[in-house]
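Residues per chain are reported as follows:
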Amino acid sequence: MAKSRTLRRQLLTWLAGPLIVLWSISAMVDYDIANRFVNFAYDRALLESALDIGRQVKVLNNRIYVDLPEVAVKMLQSRESGKVFYLVTGPKNEYITGEPDLPRTPDPVSDRTNYYDDEYLGRPVRVVTLQFPVETGKGSGHVTVQVVEDRAPRTEFARLILLRMMLPQALLIALAALLVWYAVGRGLAPLSALRSEIESRSHRDLSALPEEQAPQEVRPLIRAMNELLQRLSKTLAAQQRFIADAAHQLRTPVAGIKTQTELALRQAPSEETQATLRQLNTATEQTIRLINQLLSLARAEPATERAFSGERFDLNALARDAATEWVPRALERNIDLGLDSMQAPAMMEGDAFLLREMLNNLLDNAIRYTQSGGQVTVRVSADTQNITLRVEDNGPGIPESERERVFERFYRVLGTGVDGCGLGLAIVREIAQRHNAEVSLGQGAGGSGTVIKVTFPRTA
Amino acid sequence: MRVLIVEDDPVLADGLTRSLRQADYAVDCIDDGGEADHVLATQSYDLVILDLGLPKLDGFEVLRRLRRRGAKVPVLMLTARDSLQDRVKGLDLGADDYLAKPFDLPELEARVRALVRRGQSGGSAALTHGALTLDVAGRRATLNGDPLDLSARELGVLEVLMMRSGRVVGKEQLAEQLYGWDEEVGANAIEVYVHRLRRKLEPAGVSIRTIRGLGYLLEKEPNG
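Residues numbered from 1 in each chain as written. Chains lettered and ligands numbered in written order. Predicted model: local features only at pLDDT ≥ 70, side-chain atom pairs only at ≥ 80, totals over all residues.

### Quick notes on the overall build of chain A
When helices and strands are counted, chain A shows eight helices and 14 strands. The proportion of buried residues among the 460 residues of chain A is 27%. Considering only contacts in chain A between residues 6 or more positions apart, those separated by 24 or more positions represent 66%. (Helix = DSSP H or I, 4+ residues; strand = E, 2+ residues; numbered from the N terminus. Buried ≥ 20, exposed ≤ 12 C-beta atoms within 10 Å, placed from the backbone. Contact = placed C-beta atoms within 7 Å.)

Written out as structure tokens, the structure is:
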């Protein structure tokens, strides 16, 4: 997940980053536009006021005055957009009416309307200046009407407009980011599926990953991985083949050694030589067992050419056959080997050959590690969910601390005084895993000995 | 008794040869398949011990050619491979027995004895187990030469046990063996026959062992 999340974050950064920059630029542009329109609208209103005042400029007896009724003044002073101040000056810039302390238009322009920003009473203001031609007895001139209003309402209004414009945009960006987040998730779903497919695999499964549902972009990756898997399984198979071949090749010479040793044992004259030959024979037996177990292990592992055959068979019958085969060996060691199973067949699906190997290893171990006069029992039982195979002995048992480790390859419990190579239970576990079965190791019914339980899920 | 050993490993071939010579067989030994095929086509033997992995011509092919010529000589296959398919293939081609390498020498010798006997009589005429002898054709058993009083079914059970002496015989197998004789024989009936046999044989030191859940076993003679 860590990887895909980074991809998602990258995409989001690349998409949302520029969007936010664009949004900021847009905010500046929008603020400018808002200001313009607000100014335009407010200026018009201000101009109206100026015109209203200008219309009241009258000349009486060559004296210019402004006939502003009380109501009009009140109206000017209580406009919605804020208090308005005015100043009317004559052609010679002389005070006529209004606020005398209003800053005069610095350079009264001829006849046209003039807007500009200024300051009045310490506050930023907007000023409009209008000039009206007047005729007095003394000649013609211009009356200048100045109307001033606070700029604060404008700014506030512009801000309000900006806010109204920016908010939906911000929402849009958030929505886009959310969509990207979701879309990336959707787009990466095949990768996630691939990830869980790989995660859920056992280390044995080296089959090709599914390519069909993956999007075009991911396929080369899958293909590359599949090629790697293929090479890996080829290497593994070659390794296992080598082990199998080596074990096979060893069998004939070892058979030669064994035959010769047994022959010599029959003819050996002295007790001394007999003892030596017996040791040699024991060593040969051990070698044979190791060879056979190496072969079993090579066979039980996947990636061998030997395909896993999923035939249906009766585990009960298989256990009976295996136990029957081991009876002479058990009797030799004075061990009472028996079968305790149900009457009905325990049908299951799997590889009978491998399971036979498993049983052979379990029985070999049980017989090997149980003292003379002991008992070994094979049990097969079944319920609706599982078929269970148990091999139980009343031997010395395996200490709790060793129970997990005995399944490791070449691990041997110390102090048993028995020759073994420590592969038996590794083979058992390997074969069990190939059948989705669980192997557990416990104590025998009487509080002593060992029970190895293999639980197979019922396939049908 | 002429035995031909076809085995390319010199140490193993030598061991086998000497072991069988000690048992008074006349042994020839050949180390490649082609020559084995040639020798088998021209000479007759009482038993062939045939390795599967041979130079020039493999054991399967030697066996196939041997049987194609109609030779009935018993063949004991030896192989370093232990796959089930190989075993089945060998037996299908007409091998009489099969032994995986490495094997115990007494095991091989026992099988050689059984095969030679079968080859001679075309079936087993008489089975012996220590002091016990069973005349299969005459349906008679003797203990130290004295006739034993056994019913037909007891004889049937004893015959199967003797044929597989030292190995476990299941109750079902015993029942199957007796099935053709008259009415169906149940597991309980088998127990009764075995019980009676024990009573008659135990005084002579021949014991039939019960193997829990598996069946019965005629214990090996002490002298092998």
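### Topic: the overall build of chain B
Of the regular secondary structure elements, chain B holds eight helices and twelve strands. Looking at chain B as a whole, 34% of its 224 residues qualify as buried. When contacts within chain B are restricted to residue pairs at least 6 apart in sequence, long-range pairs at least 24 apart make up 56% of them.

### Here we look at unusual backbone geometry
A cis geometry characterises the amide bond from Lys101(B) onward to Pro102(B), with omega recorded as -10 degrees. Non-glycine residue Leu121(A) carries a positive phi angle of around 55 degrees. One can find Leu121(A) in the loop between β5 (114-120) and β6 (123-136). For Asn436(A), which is not a glycine, the phi torsion comes out positive at approximately 55 degrees. Tracing the backbone shows Asn436(A) in the loop between α8 (424-434) and β13 (438-443). The class of Asn436(A) is exposed, set by 12 C-beta atoms lying within 10 Å.

### Section: the interface of chain A and chain B
Listed by partner, the interface residues are 25 residues for chain A and 22 residues for chain B. Elements supplying a minimum of two residues to the side of chain A that touches chain B: α4 (219-267), α6 (315-332) and β9 (336-341) of chain A. Counting residues per element, the side of chain A that touches chain B draws most heavily on α4(A), which supplies twelve residues. Counted by class, the side of chain A that touches chain B contains eleven nonpolar, eight polar and six charged residues. (Nonpolar A, V, L, I, M, F, W, Y, C, P; charged D, E, K, R; others polar.)

### Brief notes about the pairing of strand β7 (residues 132-135) of chain B
Residues and elements named next belong to chain B. Across the two faces of β7 the burial differs, with Leu132 and Leu134 buried and Thr133 and Asp135 not buried at all. With four bridges joining them, strand β6 (residues 126-129) and β7 adopt antiparallel strand pairing. Of the residues in β7, the one forming a bridge with Leu127 is Leu134. Hairpin connection, β6 to β7: the antiparallel pair is bridged by two residues, and Gly130 has positive phi, about 60 degrees. With four bridges connecting them, β7 and strand β8 (residues 140-143) associate as antiparallel partners. Each bridged residue has a counterpart across the sheet, and for Leu134 the counterpart in β8 is Ala141. Hairpin connection of β7 to β8: four residues between the antiparallel strands, including Arg139 at a positive phi of 50 degrees. (Pairing = 2+ DSSP bridges.)

### Section: the packing of α6(A) against helix α7 (residues 352-369) of chain A
Residue and element names in this part refer to chain A. Close contact between α6 and α7 brings their axes to 10 Å; oriented N to C, the two are set at 35 degrees. The element α6 and its partner α7 pack so that their crossing is right-handed. Across the interface between the two elements, Leu318, Ala319, Ala322, Ala323, Trp326, Arg329 and Ala330 of α6 pack against Ala352, Leu355, Arg356, Leu359, Asn360, Leu363 and Ile367 of α7. Here the contact of α6 with α7 is composed, by residue class, of eleven nonpolar, one polar and two charged. (Axes fitted to C-alpha atoms, helices over the stretch in contact; angles between N-to-C directions. Left-handed = near helix turned anticlockwise from the far one by under 90°.)

### Remarks on the sheet that holds β5(A)
Residue and element names in this part refer to chain A. Taken in spatial order, the five strands line up as β4-β3-β7-β6-β5 in an open sheet, and their pairing is antiparallel. Looking at the sheet topology across the chains shown, the edges are occupied by β4 (95-98) and β5. For this sheet the average axis-to-axis angle between neighbouring strands, irrespective of direction, equals 25 degrees. Where strand β3 (residues 84-89) lies against strand β7 (residues 139-150), six bridges are found, and the strand directions are antiparallel. Pairing of Val84 across the sheet is with Glu149, part of β7.

### Quick word on the nonpolar core
Ala319(A), Ala323(A), Val6(B) and Ile49(B) are the most contacted members of the largest nonpolar core, which has 108 residues in total. No other element matches α7(A), which puts nine residues into this core. Those residues within four positions of Ala323(A) in sequence are excluded, and the remaining contacts are Leu337(A), Leu339(A), Leu363(A), Val378(A) and Leu214(B). In terms of nonpolar packing, the next biggest core, distinct from the first, is built from 22 residues, Leu46(A), Val57(A), Val84(A) and Val125(A) among them. (Core = buried A, V, L, I, M, F, W, Y, C linked by C-beta atoms within 7 Å.)

### Section: the confidence of the model for chain B
Of the residues in chain B, 90% reach a pLDDT of 70 or more, and the chain-wide mean stands at 84. Interface confidence in the predicted complex, given as ipTM, is 0.71; pTM for the same model is 0.60. (pLDDT = per-residue confidence, 0-100.)

### A few points about the pairing of β9(A)
Residues and elements named next belong to chain A. Of the two faces of β9, only the one carrying Leu337, Leu339 and Ser341 is buried; Asp336, Gly338 and Asp340 on the other face are not. Bridge count between β9 and strand β11 (residues 375-382): six bridges; the pairing is parallel. By the bridge assignment for β11, Leu337 is matched with Val376.

### Describing the environment of Val376(A)
All names here are of chain A. Structurally, the position occupied by Val376 is in strand β11. Taking the C-alpha atoms as reference points, Val376 and Asp336, 40 residues apart in sequence, are found 6.1 Å from one another. Beyond its immediate sequence surroundings of up to four residues, Val376 is in contact with Ala330, Ile335, Leu337, Ala366, Ile367, Thr370 and Asp393.

### Digging into the packing of helix α5 (residues 271-300) of chain A against α8(A)
Residues and elements named next belong to chain A. Their axes nearest at 9 Å, the elements α5 and α8 cross at an angle of 20 degrees. The angle between α5 and α8 places the two elements in the roughly parallel class. Taken as a pair, α5 and α8 cross one another with a handedness that is left-handed. Along the contact surface, α5 presents Gln293, Ser296, Leu297 and Ala300, while α8 presents Gly424, Ala426, Ile427, Glu430, Ile431 and Arg434. Here the residues of the contact of α5 with α8 are counted per class, giving five nonpolar, three polar and two charged. (Parallel < 35°, antiparallel > 145°, perpendicular 65-115°, else oblique.)

### Details of α6(A)
Residues and elements named next belong to chain A. Helix length check: α6, at 18 residues, gives a terminal C-alpha distance of 26 Å against a target of 26 Å (1.5 Å per residue), a fit within 8%. Taking the largest bend as the criterion, α6 deviates by roughly 40 degrees, centred on Trp326, and proline Pro328 comes between one and four positions later. After α6 finishes, the residue Asn334 shows a positive phi value of roughly 55 degrees. (Expected span 1.5 Å × (residues − 1). Bend = angle between axes of the 7 residues up to and from the residue.)

### Considerations on the environment of Glu211(A)
All names here are of chain A. On the secondary structure map, Glu211 appears in the loop between α3 (152-199) and α4. Sequence separation of Glu211 and Leu221 is ten residues, and the distance between their C-alpha atoms is 9.6 Å. Beyond its immediate sequence surroundings of up to four residues, Glu211 is in contact with Arg219, Ile222 and Arg223.

### Digging into the environment of Gly82(A)
Residue and element names in this part refer to chain A. Tracing the chain through its elements places Gly82 in the loop between α2 (70-77) and β3. Remark: the alpha-carbon pair of Gly82 and Glu149, spanning 67 residues in sequence, is separated by 6.8 Å. With near-sequence residues (within four places) excluded, Gly82 lies in contact with Glu149, Asp150, Ala152 and Pro153.

### Topic: the sheet that holds strand β4 (residues 75-79) of chain B
Residues and elements named next belong to chain B. Taken together, the five strands give an open sheet; going across it, the order is β2-β1-β3-β4-β5, and neighbouring strands pair in parallel fashion. Edge positions in the sheet fall to β2 (26-30) and β5 (97-100), since each has one partner strand and no second. Each strand axis lies, on average, 15 degrees off the axis of its neighbour in the sheet, ignoring direction. The sheet contact formed by strand β1 (residues 2-6) and β2 spans five bridges and is parallel. Among the inter-strand pairings, Val6 is bridged to a residue of β2, identified as Ile30.

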